[in-house]
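Architecture and fold: a report
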Amino acid sequence: MGTTEQDNLQTLAFTQSDERIQELLQRQHELSDLGGLSSLADWDQQTVMPAGAHEVRGHQMATLAGITHKRATDPRLGELLNELRNVVQKPEYTEADRGLVRIALRSYEQATKLPGELVEEAERVQVASIDAWLQAREQKDFALFAPWLTRTIALQREKADRLGYVETRYDALLDGSEPELTASRVEELFAPIREVSTRMLRRIMDSGKTISSETVEGNFSTEKQTQLSETLLKAMGYNFTHGLLARSVHPFTSSFGSPDDVRLTVRFDEQYLPMAMMAALHEGGHALYEQSVSRTFLRTYLASGASMGIHESQSRLWENVIGRSLSYWKGQYAHVQEVFPEKYKSIPVETFTHALNRVEPSLIRVEADEVTYNLHIIIRFEMEKAMVNGDVAVESLPSLWNAKYREYLGIEPENDTVGILQDIHWNSGFGYFPSYTLGNLYSAQIANKIRQSYPDLDERLATGDSSFILNWLREHLYQLGAMYLPADLLQRVTGEAANPQYLVNYLTEKFSAIYGLDAAE
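Structural notes, computed from the coordinates.

Cut-off values and rules
Residues numbered from 1 in each chain as written. Predicted model: local features only at pLDDT ≥ 70, side-chain atom pairs only at ≥ 80, totals over all residues. Heavy atoms only, no water. Helix = DSSP H or I, 4+ residues; strand = E, 2+ residues; numbered from the N terminus. Rg over C-alpha atoms; globule rule 2.2 N^0.38 Å. Buried < 20%, exposed > 50% of the residue type's maximum accessible area, 1.4 Å probe, protein only. Contact = heavy atoms within 4.5 Å. Areas by Shrake-Rupley, 256 points an atom, 1.4 Å probe, with all protein chains shown as cover. Lys, Arg positive; Asp, Glu negative; His and termini not counted. Charge placed at Lys NZ, Arg CZ, Asp CG, Glu CD. Expected span 1.5 Å × (residues − 1). Bend = angle between axes of the 7 residues up to and from the residue. Salt bridge = Lys/Arg side-chain N within 4 Å of Asp/Glu carboxyl O. Pairing = 2+ DSSP bridges. Axes fitted to C-alpha atoms, helices over the stretch in contact; angles between N-to-C directions. Parallel < 35°, antiparallel > 145°, perpendicular 65-115°, else oblique. Left-handed = near helix turned anticlockwise from the far one by under 90°. Nonpolar A, V, L, I, M, F, W, Y, C, P; charged D, E, K, R; others polar. Core = buried A, V, L, I, M, F, W, Y, C linked by side-chain atoms within 4.5 Å.

**Re the overall build of the protein chain**
Scanning the protein chain for helices and strands turns up 22 helices and 3 strands. Taking 2.2 N^0.38 as the reference for a compact globule, 521 residues should give roughly 24 Å; the C-alpha atoms of the protein chain span a radius of gyration of 23 Å, in line with that estimate. If you line up the protein chain on its principal axes, its C-alpha atoms span 65 × 60 × 45 Å. Burial analysis of the protein chain (521 residues in total) assigns 57% to the buried set. Long-range contacts, defined here as pairs at least 24 residues apart, represent 74% of the contacts in the protein chain between residues at least 6 apart. Of the roughly 21300 Å² of accessible surface on the protein chain, 48% is carried by carbon and sulfur atoms. One way to put it: in the protein chain the 50 positive side-chain charges average out to a point 0 Å from where the 73 negative ones average out.

**A few points about the environment of Asn 357**
One can find Asn 357 in the loop between α15 (349-356) and α16 (370-388). For Asn 357, a relative accessible area of 3% corresponds to the buried category. Through-space distance from the C-alpha of Asn 357 to that of Lys 510 is 9.6 Å; in sequence the pair is 153 residues apart. In contact with Asn 357, other than residues within four places in its own chain, are Ile 211, Arg 324, Glu 370, Lys 510, Phe 511, Ile 514 and Tyr 515.

**What to know about helix α13 (residues 326-339)**
Since there are 3.6 residues in each turn of an α-helix, residues three or four apart along the chain are aligned in direction. Taking 1.5 Å per residue as the helical rise, α13 with its 14 residues ought to reach 20 Å, and the 19 Å between its terminal C-alpha atoms agrees with that figure. By the largest-angle criterion, Gln 332 marks the main kink of α13, which is about 55°. Taken as a whole, α13 has its buried residues at Ser 327, Tyr 328, Trp 329, Gly 331, Gln 332, Tyr 333, Val 336 and Val 339.

**Re the pattern of salt bridges**
As enumerated under the stated definition, the model contains 31 salt bridges in all. Here Asp 74 makes a salt bridge to Arg 27, at a shortest N to O gap of 3.2 Å. Linking Asp 74 in the loop between α3 (54-72) and α4 (75-87) with Arg 27 in helix α2 (residues 19-47), this pair joins segments that are 47 residues apart in sequence. Taking relative accessible area as the criterion, Asp 74 reaches 26% and is therefore assigned partly exposed. Glu 319 serves as the salt-bridge partner of Arg 316, at 3.1 Å between the closest nitrogen and oxygen. Placement of the pair is Arg 316 and Glu 319 together in helix α12 (residues 308-322), with a separation of 3 residues, close to one helical turn.

**Topic: the sheet that holds strand β1 (residues 245-247)**
Taken together, the 3 strands give an open sheet; going across it, the order is β1-β3-β2, and neighbouring strands pair in mixed fashion. In the strand order of this sheet, the two ends are held by β1 and β2 (253-255), each with one partner. Strand-to-strand, the axes of this sheet are offset by a mean angle of 25°, without reference to chain direction. As paired elements, β1 and strand β3 (residues 262-266) share 3 bridges and run parallel to each other. Bridge pairing in β3 places Ala 246 opposite Thr 265. Docked against the sheet, α2 engages β1, β2 and β3, running at close to 20° with respect to β3. Contacts from helix α10 (residues 222-236) reach β1 and β3 within the one sheet, and its direction differs from that of β1 by about 145°.

**So, the packing of helix α8 (residues 169-177) against α16**
The interhelical angle for the contact between α8 and α16, taken along N-to-C directions, is 125°, at an axis separation of 8 Å. The angle between the axes of α8 and α16 places the two elements in the oblique class. For the element pair α8 and α16, the recorded crossing hand is right-handed. On α16, the residues that touch Arg 169, Tyr 170 and Leu 173 of α8 are Phe 381, Glu 384, Lys 385 and Val 388. Residues that form the contact of α8 with α16 fall into these classes: 4 nonpolar, no polar and 3 charged.

**Details of the nonpolar core**
General note: in soluble globular proteins, nonpolar side chains tend to be found buried as a group. Among the nonpolar cores identified, the biggest contains 156 residues, and Trp 329, Tyr 344, Phe 352 and Leu 473 are the most heavily contacted of them. Looking at this core element by element, the count peaks at 11 residues for α16.

**Some points on unusual backbone geometry**
The phi dihedral of Glu 180 falls on the positive side, at around 70°, and the residue is not glycine. Here Glu 180 lies in the loop between α8 and α9 (183-207). For Glu 180, a relative accessible area of 63% puts it in the exposed group. The backbone of Arg 299 shows a phi angle near 60°, a positive value even though the residue is not glycine. Here Arg 299 shows up in the loop between α11 (274-291) and α12.

**Remarks on the environment of Leu 281**
Tracing the sequence through the fold places Leu 281 in helix α11. Its relative accessible area of 1% is what places Leu 281 among the buried residues. Leave out the neighbours within four places in its chain, and Leu 281 touches Leu 232, Met 236, Ser 315, Trp 318, Glu 319, Gly 323, Tyr 328 and Trp 329.

**Considerations on the packing of α13 against α15**
Two numbers describe how α13 lies on α15: the axes approach to 10 Å, and their chain directions differ by 110°. On the basis of their axis angle, the class for α13 and α15 is roughly perpendicular. In contact with Leu 326, Trp 329, Lys 330, Tyr 333 and Val 336 of α13, α15 contributes Val 349, Glu 350, Phe 352, Thr 353 and Leu 356. A breakdown of the residues in the contact of α13 with α15 according to their chemical character gives 7 nonpolar, 1 polar and 2 charged.

Below is the structure:
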């Protein structure tokens, strides 16, 4: 065993000789188990639960949330963490000890600020609002969902006020997805991304150059799309012994406090291949992260990603930076041709890859190209801030949504289902959406570091092998779980703080080449 590997094992191990660490681990195991059961109930609700079970599921999840909250606010836990917060800074303790105490202390302090009644009510409203959202989507009528969104906003405002904030109420909720980040800092990071996105979109539209979508349109059975998705996931390194692929209205990945059970979903369009295929790569990125967390973190809060932004960096890395590259498809295209030979046996891989990188303003975020995607996120970020900070009435949200789509993308939804009702996220709260563009930012920065390690990356990908990328990510990022704060982790992985210039360069260079534009303009 090499020195580096020994150092990693010591860093990721908890101190066995301190009874206080062992007691904290035992309490973490219980809280993680309860969280895992809650996630399992949520998974069931979004995949196979009968439509008529929403009411009882709401009560079940509220009860579970109440039990979890009582354990999470146990005074003995507070005493234990107060004893450990300074002790673990001593050199005889490990980085895992320090990470465990940091995240447990943060969770305890936040939990003790929230009354159990608020936590339980939030769970009931979330379950009921998902049912209302599904009905509203089906009937293309935001009014059916509006009362539940109104209630969610009120609960989120109360939560933010109880948690506390320095600048704006929204910061308290943003902190839940990206610890220690503020809306003002997000705006600073997003400004150059907004600029490059609008500039590149304008240049592409003005160029008159188009890429046909016919290559990825046709007749693709759900059964065969499932086969292709599973094949691509296996090639990435996703372990089906500890995971499965299912279908849901909105794709997502769930883990249950353990790398041993990490599940993902996609949604299918039998006339449009990328919907499920690219969702599989996206969710596969999330799943690889969860499956690769150090097993020493099993059943603790460290057995997950460092933040939602860091997590999204991996879904966006595998879906876009890797999964929309010509080198990747040179190595994987044979799988597409094998599943759909009548469609793709005579279509060159270059044509297929070009179709996956087609740029055109669209209404649906999850189907958006890389150039316009961040504009979808910025719209949601601006609307979330307005809702949480009390700057907009719920009944005016559809018109505000439509106005922002006209402003940023030059298009307008024809109904609420492809407009304000397209995302499920607002059923559970606010502060998550910025994670997607933060993920794009982080992924470009991390990808640059990987390329430094592997100058022949494209040649290796073209052979069909991506294991070297997964191994690098496991060593430098995945195994560390939530042991470090996201800003500290990014610094460790890339050697610098968050820098949007990597994403600006990536978008400019990639799409200038694809559309034959002058990258220097």
